[in-house]
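# Fold and geometry: a report
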Amino acid sequence: MPNEQRLDIDLVRQVLLGLERGEDPEKLPSVREAKVRYHQYLMADAGFIDRLVITGGGATPWPAVRITWAGQEFLQNARSDTLWSKGKAKVMSGVGTLSLEALKVALAELAKQAMG
């Protein structure tokens, strides 16, 4: 079984894009539900999403996810496949490892450069 607790930055982007389209992040094809759920917790820790538990009428609680302002800001810079690839390459070439904070900075810089 693959390590479900290793950060997959591409999955973070995929989940945010899916949430924006109204898709259930735990139903991503070819991604284990436990891995997606773990990444949702990481994204909540990073301030990208809020995970809420909604109950009512005696029904079983179900999780609802809302993209936060910080998540929207990250998503705006990460939306372009070109900027995403360039941002990851820039961080890997400079730092040698792909952290979320370094990627956020690189994407913001590339977005500013793209605006001229």
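Residues numbered from 1 in each chain as written. Predicted model: local features only at pLDDT ≥ 70, side-chain atom pairs only at ≥ 80, totals over all residues. Heavy atoms only, no water.

## Focus on the nonpolar core
Val15, Leu16, Met43, Phe48, Phe74, Trp84 and Leu103 are the most contacted members of the largest nonpolar core, which has 23 residues in total. A total of 7 residues in this core trace back to one element, the largest contributor, which is helix α1 (residues 9-20). Residues contacting Leu16, with those up to four places away along its chain left out, are Met43, Phe48, Ile49, Ile67, Gly71, Phe74 and Leu75. (Core = buried A, V, L, I, M, F, W, Y, C linked by side-chain atoms within 4.5 Å. Buried < 20%, exposed > 50% of the residue type's maximum accessible area, 1.4 Å probe, protein only. Helix = DSSP H or I, 4+ residues; strand = E, 2+ residues; numbered from the N terminus. Contact = heavy atoms within 4.5 Å.)

## Some points on the packing of aromatic side chains
All chains considered together, the criterion is met by 2 aromatic pairs. Ring centres of Phe48 and Phe74 lie 4.8 Å apart, and the angle between their planes is 25°; on these two criteria the pair is classed as stacked. Taken together, the residues Phe48 in the loop between α2 (33-45) and β1 (49-54) and Phe74 in helix α3 (residues 69-78) connect sequence positions 26 residues apart. Both residues of the pair, Phe48 and Phe74, belong to the buried class. Measuring from centroid to centroid gives 6.1 Å for Phe74 and Trp84, while their planes differ by 85°, and the two rings are edge-to-face. Of this pair, Phe74 sits in helix α3 while Trp84 sits in helix α4 (residues 81-94), placing them 10 residues apart in sequence. Clustering of aromatic rings is evident, with ring pairs tying together Phe48, Phe74 and Trp84. (Phe/Tyr/Trp six-rings, centres within 6.5 Å; stacked < 30°, edge-to-face > 60°.)

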